[in-house]
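Report on the structure
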Amino acid sequence: MKRLFRHLHLWLSVPFGLAISLICFTGAILVFERPVTERLALHLYRAEPAPGQQALPPHELLAAVRGQVPDTLHVASLQCGGEGRAAFVVFRETGRRTLSVNPYTGQANGWVEGNAFFRTVRQLHRWFLDAPPRKGDRTLGKEVVAASTVVMVVILVTGVLIWLPRTRRGLKNRLAVHVRRGWPRWWHDLHVSVGFYASLLLLLMALTGLTWSYPGYRKAVYALFGATSAQSKATVAPASRPSASDPDPLVWTQVLDGLQARYPASTAFKFEHGTVSAIPSTAMRRADTYRFDPATGRITHTQLYRDKPRSQTMKGLLFALHTGSWGGWVTQVLYFLAALIGGTLPLTGYYLWIRRVRRM
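Here's what I pulled together on the structure shown here. (Residues numbered from 1 in each chain as written. Predicted model: local features only at pLDDT ≥ 70, side-chain atom pairs only at ≥ 80, totals over all residues. Heavy atoms only, no water.)

Points about unusual backbone geometry
For clarity, the cut-off: Put simply, DSSP H or I for four residues or longer makes a helix, DSSP E for two residues or longer makes a strand, and each gets a number counted from the N terminus.
At Phe128, a position not held by glycine, the phi torsion is positive, near 55°. One can find Phe128 in the loop between α5 (116-127) and α6 (140-163). A positive phi angle, near 70°, is found at Leu129, a position not held by glycine. Note that Leu129 resides in the loop between α5 and α6.

So, in structure tokens, the structure goes:
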């Protein structure tokens, strides 16, 4: 049986190896996209208050912003709160561009548009630069990434099965990385031993990544955890339709005053028309959601994160498992190292294969 696994492992690795390396290396870069992006433009994300200075309430903050942007722009959402963090205003006419604002002075810091380098890396990671024109469309690049990920799962599983030793002595030898036995042995251990250590996280990344490639597979994963992708749309109370004009910021201030006592200072509040999300800084996807009457500010529906149906938390869970964000910086470092190792595995495999062919 191991002979079959060896052939399967080798002849899938040869044509797909470079694609898998590119997916893994770009994934390693994306692990730290958020902290690196913020560090490169710290003035857009941080706002240090003067001693005793308090953040402006939403109605004063938006009034200050109004004098700095054209009248043709209409507010779609406001994210405020979070000690030492900037506030962010989204306008309906600006697409993904977000205006960063100092929450203590109301002064605009500039537009947040993302980092061009990371945008390119993400397009490489997800579509090999062949992005679909619309969400859900298929392109050649997207199909190649999906197929390479499926092959990666097979390669990892067969690699572990090949790796399994028959004796305890063999296990000890397989787990060791020898650095004083010459370069050939070093490359061998880098592929075999180090690859084994990273295989579990690589499998987790590959299996969760496939949920963005194949809708049928995504439904199966949801069903495995007792959830359906359609359930999330049916269980949330309907929100009011946004009006053509700006929302009443005084109402947002009233809602914020009522919620701040329930949450620590590190919590950010994202307001949209008739909806506010309380987002803890430690887990950006674990948001409690409140719906309120845009005219009076009366909360009409409450959905705490812990009480949400599993179908509504699955997307965030899969994203956290895929990127390593579920355990903070410790798991992010582990994912980064595992993805780097995953990128080197095809390269060391090519070396071992070419060396074996030359001996024949």
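Points about the pairing of strand β7 (residues 288-292)
Short version of the rule: Burial classification: accessible surface area is computed with a 1.4 Å probe over protein chains only, and a residue below 20% of its type maximum counts as buried, one above 50% as exposed, and the rest as partly exposed. The pairing criterion for strands is at least two bridges between them, as found by DSSP.
Burial of β7 is extensive: five of the five residues sit out of reach of the surface. Burial along β7 is two-sided: Asp288, Tyr290 and Phe292 and Thr289 and Arg291, pointing in opposite directions, are all buried. Here four bridges tie strand β6 (residues 275-279) to β7, and the two strands are oriented antiparallel to one another. Bridge assignment links Ala278 to a residue of β7, and that residue is Asp288. Summarising the sheet, β7 and strand β8 (residues 299-303) pair through four bridges and their orientation is antiparallel. Considered in β8, the bridge of Arg291 is made with His301.

Thoughts on the nonpolar core
Note the threshold: To qualify as a nonpolar core, a set must consist of buried Ala, Val, Leu, Ile, Met, Phe, Trp, Tyr and Cys residues joined through side-chain atoms within 4.5 Å.
Ranked by size, the top nonpolar core spans 26 residues in total, and within it Leu78, Val89, Phe91, Phe269, Phe271 and Val276 carry the most contacts. The biggest single contributor to this core is helix α11 (residues 249-260), with five residues. Of all hydrophobic cores here, the second largest spans 17 residues; its members include Val153, Ala206, Leu210 and Tyr335.

A short note on the packing of α5 against α6
Put simply, the rule is: Angles run from 0 to 180 degrees between N-to-C directions of axes, and those axes are lines fitted to C-alpha atoms, restricted for helices to the stretch in contact. Here the word oblique covers every angle except those under 35 degrees (roughly parallel), over 145 (roughly antiparallel) and from 65 to 115 (roughly perpendicular). Note on definitions: a residue-residue contact is assigned when non-hydrogen atoms from the two residues lie within 4.5 Å. When residues are grouped by polarity, Ala, Val, Leu, Ile, Met, Phe, Trp, Tyr, Cys and Pro land in nonpolar, Asp, Glu, Lys and Arg in charged, and all others, Gly among them, in polar.
Following both chains from N to C, one finds α5 and α6 inclined at 65°, their axes separated by 7 Å at the closest point. Here α6 runs roughly perpendicular to α5, going by the angle between their axes. Residue-level contacts link Leu124, His125, Arg126 and Trp127 of α5 to Gly141, Lys142 and Val145 of α6. For the contact of α5 with α6, the class distribution of residues is three nonpolar, two polar and two charged.

Looking at the layout of surface pockets
How we decide: A pocket, in this scheme, is an open set of points on a 1 Å grid over the protein atoms alone with protein on both sides within 12 Å along at least 5 of 7 lines, while a cavity is a set where a 1.4 Å probe fits but cannot get out; residues line either one if an atom lies within 4 Å of a point. Grid points are joined across faces, edges and corners, and a volume is the space filled by probe spheres set on the points.
A volume near 1000 Å³ is recorded for the second largest pocket. His9, His191, Val192, Leu352 and Arg356 are, among the 36 residues lining the second largest pocket, the residues nearest its centre. Of all the elements in the fold, those that place two or more residues in the lining of the second largest pocket are α1 (2-31), α6, α8 (183-209) and α13 (328-359). Partitioned by chemical class, the residues of the lining of the second largest pocket number 20 nonpolar, 11 polar and five charged.

Focus: the environment of Pro103
As for its placement among the helices and strands, Pro103 is situated in the loop between β3 (98-101) and β4 (108-112). Taking C-alpha positions, Pro103 is 30 Å from Lys308, a pair spaced 205 residues apart along the chain. When residues no more than four places from it in sequence are discounted, the contact partners of Pro103 are Ala47, Ala55, Leu56, Leu61, Arg85, Ala86 and Ala87.

Remarks on helix α12 (residues 310-323)
Heads up, the condition is: Expected helix span is taken as 1.5 Å per residue step, with the number of steps being one fewer than the number of residues.
The end-to-end C-alpha distance of α12 is 20 Å, a good match for the 20 Å that 14 residues give at a rise of 1.5 Å each. Within the span of α12, buried status applies to Ser311, Thr313, Met314, Gly316, Leu318, Ala320, His322 and Thr323. Immediately downstream of α12, the backbone of Gly324 shows phi near 85°, a positive value.

Digging into the sheet that holds strand β5 (residues 268-272)
Ordered in space as β4-β3-β2-β1-β5-β6-β7-β8, the eight strands form an open sheet in which the pairing is antiparallel. Since the sheet does not close on itself, it has two edges, and those belong to β4 and β8, each with one partner. For this sheet the average axis-to-axis angle between neighbouring strands, irrespective of direction, equals 20°.

Considerations on the environment of Gln54
When you line up the elements, Gln54 lands in the loop between α3 (42-45) and α4 (58-66). Owing to a relative accessible area of 62%, Gln54 belongs among the exposed residues under this scheme. Along the primary structure Gln54 and Pro103 are separated by 49 residues, whereas in three dimensions their C-alpha atoms are 8.5 Å apart.

Some details on empty space enclosed by the protein
Under the criterion given, the structure shown has one cavity of 30 Å³ or more. In this structure, the largest cavity encloses a volume near 30 Å³. Taken together, Pro247, Asp248, Val251, Trp252, His273, Gly274 and Pro294 make up the full set of residues lining the largest cavity. Residue composition of the lining of the largest cavity, by class: four nonpolar, two polar and one charged.

Re the pattern of salt bridges
Inclusion rule: Counted as salt bridges are all cases of a side-chain nitrogen of Lys or Arg within 4 Å of a carboxyl oxygen of Asp or Glu.
Under the criterion given, the structure shown has eight salt bridges. Across the salt bridge formed by Arg134 and Asp137, the nearest N and O atoms sit 3.2 Å from each other. For Arg138, the salt bridge goes to Glu143, with nearest N and O atoms at 2.5 Å. The class for Arg138 is partly exposed, based on a relative accessible area of 36%. Shared partners join several salt bridges into a network, and the residues in it are Arg34, Glu38 and Arg85.

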